[in-house]
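Chain by chain, the residues run as shown.
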Amino acid sequence: MISRSAAGLAAVACLAVLAAGCGGSSSTAPGASGTRSPVAGTTAPVPASTPATPAPATAAAPAAKPPTPAPGTTTPAGQAAAPRCHTSQLTAAYTGLNAAMGGVRGMILILTNHSSTTCHVYGSPGLAFFDDRGFPMATHLTWIKEPHATVVLRPGGSAQAMLTWRVNVDGATPLRPDVAHVTPPDEYAYLYTNWQGGPVLGGDITASPLRTAPAGPFPAGTGTIANPFNGMCVAAAADDTTVVAWKCDPGAVSQHWTGYSDGTLRNGGRCLDVTGPAVGAKVKLAACDGAASQKWSIAQVSANDFGSIGNASTPTVLTDPGGSTANGTPLQMGPARGDLSYPWRVSYHQYMTG
């Protein structure tokens, strides 16, 4: 299956798919597997594991260890300057989805140390696919054979691994995962993630060893933030500051929002912000400065595919006053009343977790 072409897939992906991601991946020469890794070039097993974050059903395989961003240091293989990172210390997200000829797809998996303690990773991640009901799907994970390096992750540091797979270029690809359980190196507990890569031919996927990720927040997918009931979307006004409700138009750049690993929501390189802590405070676009008022999360407390969007600096949530359908209505903050209070449907939310 994919093991017979793992190296070729990775090479194609690095040359033609994600130049930026591959550049970061190849800077440190790690690879193969850790203590509990399968032999490189073989298919990794997918045993059950214990969830570290709320998630349905069983989980992925144990993995090996790797890298981080700004607050990160790479040391020679096997020389760890800190204890191993445990699943509970990490968050997982994806960035850089792209395509190459021949149906090759590629994406970067990012593991970030969200704890207050320095730790290290070394090896390759485990991964298992599931559908939206929590049932396991065919997963054939191959770890690419490359040398490893220990990556020390200080708080906020990240490691990255390249994922590559194929789709059927001549027709539909039947296997389309909804969820991926990601297992950090040498761990059995998994991280629950919404799979962002679309269909995966045969469930065959390769993963490179973890390496140090570049510094800075990582962008996730870009999409819309829509009211699920009235067809209105969050949009940037012409003044590049005011944020308003506007009839949804998928082609409108003013309605394209990108979630970042630091919890920000960005449009045109500027961050969604609030003007004050109280109910009724307006929202705006402002220069990104790392303030808590620019951190957001989706609070989905039911099986609905929508939820309220809360702000880290206030106990309030983003609202379209009165559910207005008038273009140009300024958005503001309202009281949080759970999943149905002021719901929004976000077409991506890897980095926005409630």
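Residues numbered from 1 in each chain as written. Predicted model: local features only at pLDDT ≥ 70, side-chain atom pairs only at ≥ 80, totals over all residues. Heavy atoms only, no water.

Visitor: Would you mind showing me how to read the state of the cysteines here?
Guide: Note on terminology: disulfide describes a covalent bond linking the sulfur atoms of two cysteines. By the definition in use, this model includes three disulfides. Paired through a disulfide, Cys85 and Cys119 show a sulfur-sulfur distance of 2.0 Å. With the S-S dihedral at roughly 90 degrees, the linkage between Cys85 and Cys119 falls on the right-handed side. Of this pair, Cys85 sits in the loop between strand E2 (72-75) and strand E3 (90-100) while Cys119 sits in strand E5 (residues 119-121), and the two are 34 residues apart along the sequence. An identical accessibility class is assigned to Cys85 and Cys119; each is buried. At a sulfur-sulfur separation of 2.0 Å, the disulfide partner of Cys233 is Cys248. On the sign convention where negative is left-handed, the bridge of Cys233 and Cys248, at about 100 degrees about the S-S bond, is right-handed. Residue Cys233 is found in strand E16 (residues 232-236), and its partner Cys248 is found in the loop between strand E17 (243-247) and strand E18 (257-260); the two are separated by 15 residues along the sequence. (Disulfide = S-S within 2.5 Å. Helix = DSSP H or I, 4+ residues; strand = E, 2+ residues; numbered from the N terminus. Buried < 20%, exposed > 50% of the residue type's maximum accessible area, 1.4 Å probe, protein only.)

Visitor: Hey, could you run me through the sheet that holds strand E14 (residues 219-223) in this one?
Guide: Sheets are built from strands that pair by backbone hydrogen bonding, the pairs being arranged parallel or antiparallel. A sheet is described by the order of its strands in space; here five strands give the open sequence E14-E18-E19-E20-E21, paired in antiparallel fashion. Edge positions in the open sheet fall to E14 and strand E21 (283-286), since each of these has one partner strand only. Direction aside, the axes of adjacent strands within the sheet are offset by 35 degrees on average. Direction of pairing for E14 relative to E18: antiparallel, over a ladder of three bridges. Residue pairing for E18: Gly223 is matched across the bridge by Trp257. (Pairing = 2+ DSSP bridges. Axes fitted to C-alpha atoms, helices over the stretch in contact; angles between N-to-C directions.)

Visitor: Honestly, the pairing of strand E11 (residues 191-194) in this entry has me stumped. Any pointers?
Guide: Every other side chain in a regular strand lies on the same face of the sheet, so the side chains alternate between the two faces. Side chains Leu191 and Thr193 project from E11 onto a buried face, and the interleaved Tyr192 and Asn194 project onto a face without burial. Summarising the sheet, strand E10 (residues 179-183) and E11 pair through four bridges and their orientation is antiparallel. Residue Val182 lies in a different strand from E11, and its bridge partner there is Leu191.

Visitor: Looking at this structure, I do not really get the sheet that holds strand E6 (residues 126-130). What am I missing?
Guide: Taken in spatial order, the three strands make up an open sheet running E6-E10-E11, and their pairing is antiparallel. Each of the sheet's edge strands pairs with one partner strand only, and the pair in question is E6 and E11. Adjacent strand axes in the sheet meet at a mean angle of 25 degrees when their direction is disregarded.

Visitor: I'm lost on the pattern of salt bridges in this one. Help?
Guide: Pairing between side chains of opposite charge can happen when their charged atoms approach one another. Under the criterion given, the structure shown has five salt bridges. The closest approach of N and O atoms between Glu146 and Arg211, which form a salt bridge, is 2.0 Å. Taken together, the positions of Glu146 in the loop between strand E7 (140-143) and strand E8 (150-153) and Arg211 in strand E13 (residues 211-212) put the pair 65 residues apart, joining distant regions of the chain. On the accessibility criterion, Arg211 (4% relative accessible area) is buried. For Asp240, the salt bridge goes to Arg270, with nearest N and O atoms at 3.5 Å. (Salt bridge = Lys/Arg side-chain N within 4 Å of Asp/Glu carboxyl O.)

Visitor: How do you make sense of the nonpolar core when you look at a structure like this?
Guide: Grouped burial of nonpolar side chains is what soluble globular proteins tend to show. Judged by nonpolar contacts, the single largest core of 29 residues is most densely connected at Tyr94, Leu127, Leu163, Trp165, Trp195 and Ile205. With four residues, strand E9 (residues 158-166) is the single largest residue contributor to this core. Counting residues in hydrophobic clusters, the runner-up holds 20 residues, among them Ile225, Trp257, Val274 and Trp344. (Core = buried A, V, L, I, M, F, W, Y, C linked by side-chain atoms within 4.5 Å.)

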